[in-house]
Amino acid sequence: NCLRSLKGFNCLRALRHLSIEGNSTVRLDGLSMLKELRWLNIRGCGLSELSIASFKTLSKLAVLNMEDNNITSLCALAQCVSLRELHIGGNMLHDIGAITALSSIATLRILSTYGNSMCDAKSYCYYVIFKLPQLEILDADYIDDRARLSAMKMYTGRLTEDMLNATNDVTALKVNLSSLALVHLDHAITRSRFMNVKHLKLEHNNLVDVSVLGSLPHLARLHLKNNKINTSFGRTNQFKALIFLDLSGNYISSLSVLALSCCATLRTLVLCDNFLTRLDGLNRIKELRVCIVDGNKLSRTESNTFDGCVNLKVLSLRRNAFRTLKHLSNLDSIRELKLDDNRIIDIEEISWLACLPRLRALSLIGNNIVTECDRYFEFVTACCSGLSILDGKSLSPSQIAQ
């Protein structure tokens with residue numbers, strides 16, 4: 001026929017079955033009035049888009065055939081919460097991620113997608129099975145347990161295009177991919193979508209290896225808190241622009257294994273809540289300004305730990321097991337030193353800090369010497385004559401003079 005609009009159907013509000021197949025110039029305005037629809041055929045109607053307004057009231061729709069149109073998005077169908085059977089073949093669905101718009105339809109059992117270019121994507125079937133686990137039949141084939149297992153192995157913990165589209169504008173300079181249970185970063189996606197990114201957050205995932213990020217030319221800030229990183233971080237000449245790195249809450253027991261010397265421009269390094277017993281390899285990070293290593297298992301530093309760290313200005317070693325401050329005396333550039341909640345019981349250990357000419361802020365809260373040494377304040381300020389802040393409190397001119 002030559003149907004152009006569904007507005008005249010508003011008097012048929014009890015209609016349950018409707019086919020307008022082949023009406024190539026029809027518009028779907030008025031479809032939302034047919035709230036009782038269970039079966040709808042709009043095949044070959046020349047449609048290029050589905051409006052949310054048209055489908056938002058079709059909560060009882062169970063079968064939809066929209067083959068042979070020019071549809072590019074399935075987002076409007078998320079409203080059809082009772083949909084069991086969907087035929088979308090022969091449209092213009094190019095992006096494989098379009099399928100994820102159907103993930104909220106728990107009742108969907110049958111899906112047909114033939115004739116869309118997205119079907120040519122590598123491992124397309126496994127991707128659909130993984131993203132739509134409620135399906136029983138895909139493109140006329142029953143989905144067996146073997147196919148489901150293969151899909152799980154292939155895509156569990158893997159960064160996919162739909163994750164990027166759902167959470168970020170990947171043309172932006174800042175991207176947040178935290179809390180997505182990621183295990184693996186796809187090399188092709190990383191190189192094609194993140195080349196301009198400067199600030200990347202991947203916190204609270206399950207990543208072990210992030211060396212694929214080393215090729216990103218503009219990456220300056222990288223947040224990897226609470227992952228499972230414990231292997232080599234990168235190779236020489238990688239991470240060329242990186243200035244901030246947070247590796248808190250990982251499985252790191254050795255800095256030398258991470259090979260952070262590849263990060264030649266790194267200025268801030270955060271390593272809280274790992275399993276470090278030594279800071280071996282820190283002296284290879286020549287541009288380091290700020291180093292925060294709270295909540296590890298450090299009990300001392302070696303004589304060469306800070307050799308080469310000529311630019312280090314802030315060092316935080318809180319919540320460790322330090323008893324001695326020996327070898328901290330060669331931190332010539334240090335301005336702020338935090339040693340809270342360690343095991344320093346001998347006030348004489350403070351003497352090791354006497355030759356730090358630029359030290360202005362010192363914190364020792366939580367160590368026995370703070371509460372058990374009668375002349376703690378006088379001794380510390382005498383040894384560290386340049387202090388202006390002690391244990392979080394600014395020193396007055398009179399206190400400094402004393």
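Values in this document were obtained by computation on a predicted structure and should not be read as measured data. (Residues numbered from 1 in each chain as written. Predicted model: local features only at pLDDT ≥ 70, side-chain atom pairs only at ≥ 80, totals over all residues. Heavy atoms only, no water.)

Draft legend 1. Representation of the environment of Phe55 in the model. By secondary structure assignment, the location of Phe55 is in helix α1 (residues 52-55). In this structure the C-alpha to C-alpha distance between Phe55 and Cys75, which are 20 residues apart in sequence, comes to 10 Å. Excluding its chain neighbours within four sequence positions, the residues that come into contact with Phe55 are Leu28, Leu31, Leu40, Ile42, Leu50, Leu64, Ala76, Leu77, Gln79 and Cys80. (Helix = DSSP H or I, 4+ residues; strand = E, 2+ residues; numbered from the N terminus. Contact = heavy atoms within 4.5 Å.)

Draft legend 2. Spotlight on the sheet that holds strand β12 (residues 268-270). If you walk across this open sheet you meet the 11 strands as β8-β9-β10-β11-β12-β13-β14-β15-β16-β17-β18, and the pairing is mixed. At either end of the open sheet lies a strand with only one pairing partner, and these are β8 (174-176) and β18 (393-394). Bridge count between strand β15 (residues 336-338) and strand β16 (residues 361-363): 3 bridges; the pairing is parallel. Considered in β16, the bridge of Leu337 is made with Leu362. (Pairing = 2+ DSSP bridges.)

Draft legend 3. Expanded view of the packing of aromatic side chains. In this structure the tally under the stated criterion is 3 aromatic pairs. Here the aromatic rings of Tyr127 and Tyr155 are separated by 5.4 Å at their centres, their planes lie at 75°, and the arrangement is edge-to-face. Of this pair, Tyr127 sits in helix α2 (residues 124-131) while Tyr155 sits in helix α3 (residues 145-155), and the two are 28 residues apart along the sequence. A ring pair is formed by Tyr251 and Phe275, whose centres lie 6.3 Å apart and whose planes are at 45°; its orientation type is tilted. Pair noted here: Tyr251 is in the loop between β11 (244-246) and α6 (255-258) and Phe275 is in the loop between β12 and β13 (290-292), with a separation of 24 residues, a long-range link. (Phe/Tyr/Trp six-rings, centres within 6.5 Å; stacked < 30°, edge-to-face > 60°.)

Draft legend 4. Layout of the sheet that holds strand β6 (residues 137-138). Spatially, β1-β2-β3-β4-β5-β6-β7 is the arrangement adopted by the 7 strands of the open sheet, whose pairing is mixed. In the strand order of this sheet, the two ends are held by β1 (17-19) and β7 (141-142), each with one partner. Where β6 meets β7, 2 bridges bridge the pair, whose relative direction is antiparallel. Its bridge partner lying in β7, Leu138 is registered against Asp141.

Draft legend 5. Focus on the side chain of Ser178. Here Ser178 shows up in the loop between β8 and α5 (187-193). On the basis of relative accessibility, which here comes to 18%, the residue Ser178 falls in the buried class. A distance of 3.2 Å separates a polar atom in the side chain of Ser178 from the backbone nitrogen of Glu203. Among residues more than four places away in sequence, those in contact with Ser178 are Lys201, Leu202, Glu203 and Asn205. (Buried < 20%, exposed > 50% of the residue type's maximum accessible area, 1.4 Å probe, protein only. Polar contact = N/O pair within 3.5 Å; in protein donor to acceptor, adjacent residues only side chain to side chain.)

Draft legend 6. Region of the structure containing helix α8 (residues 376-383). If you check which residues of α8 are buried, you get Tyr376, Val380, Thr381 and Cys383. The arc that holds every buried residue of α8, seen down its axis, measures 165°, which confines them to one face. Along its buried surface, α8 packs onto β16, α7 (368-372) and β17 (389-390). (Arc of directions from axis to C-beta.)

Draft legend 7. Highlighting the layout of surface pockets. Roughly 240 Å³ of internal volume is contained in the largest pocket. Forming the boundary of the largest pocket are 13 residues, of which Ile96, Lys122, Tyr127, Tyr155 and Arg158 lie nearest the centre. Classifying every residue of the lining of the largest pocket by side-chain character gives 7 nonpolar, 2 polar and 4 charged. (1 Å grid on protein atoms, 1.4 Å probe; cavity = no way out; pocket = protein on both sides within 12 Å on 5 of 7 lines; lining within 4 Å. Points joined across faces, edges and corners; volume = space filled by probe spheres on them. Nonpolar A, V, L, I, M, F, W, Y, C, P; charged D, E, K, R; others polar.)

Draft legend 8. How the structure looks around the packing of α2 against α3. For the pair α2 and α3, the least separation of the axes is 8 Å and the interaxial angle reads 90°. Judged on the interaxial angle alone, α3 and α2 are roughly perpendicular. Between α2 and α3, the contacting residues are Tyr126, Tyr127, Ile129 and Phe130 on the first element and Ala147, Arg148, Ser150, Ala151, Met152, Met154 and Tyr155 on the second. Residue composition of the contact of α2 with α3, grouped by class: 9 nonpolar, 1 polar and 1 charged. (Axes fitted to C-alpha atoms, helices over the stretch in contact; angles between N-to-C directions. Parallel < 35°, antiparallel > 145°, perpendicular 65-115°, else oblique.)

Draft legend 9. Inspection of the pattern of salt bridges at higher detail. Evaluated as defined, the whole model comprises 11 salt bridges. The salt bridge partner of Lys60 is Glu36, with a shortest N-O separation of 3.0 Å. Placement of Lys60 in the loop between α1 and β3 (63-65) and of Glu36 in the loop between β1 and β2 (39-41) is noted, with a sequence separation of 24 residues between them. Overall, the relative accessible area of 23% leaves Glu36 in the partly exposed class. Between Asp68 and Arg43 there is a salt bridge, with the nearest N and O atoms lying 2.9 Å from each other. Of the two residues, Asp68 sits in the loop between β3 and β4 (85-87) while Arg43 sits in the loop between β2 and α1, which places them 25 residues apart along the sequence. On the basis of relative accessibility, which here comes to 38%, the residue Asp68 falls in the partly exposed class. When salt bridges that share partners are traced, they join Glu36, Arg38 and Lys60 into one network. (Salt bridge = Lys/Arg side-chain N within 4 Å of Asp/Glu carboxyl O.)

From the geometry alone we can't say anything about function, so treat these as descriptive.
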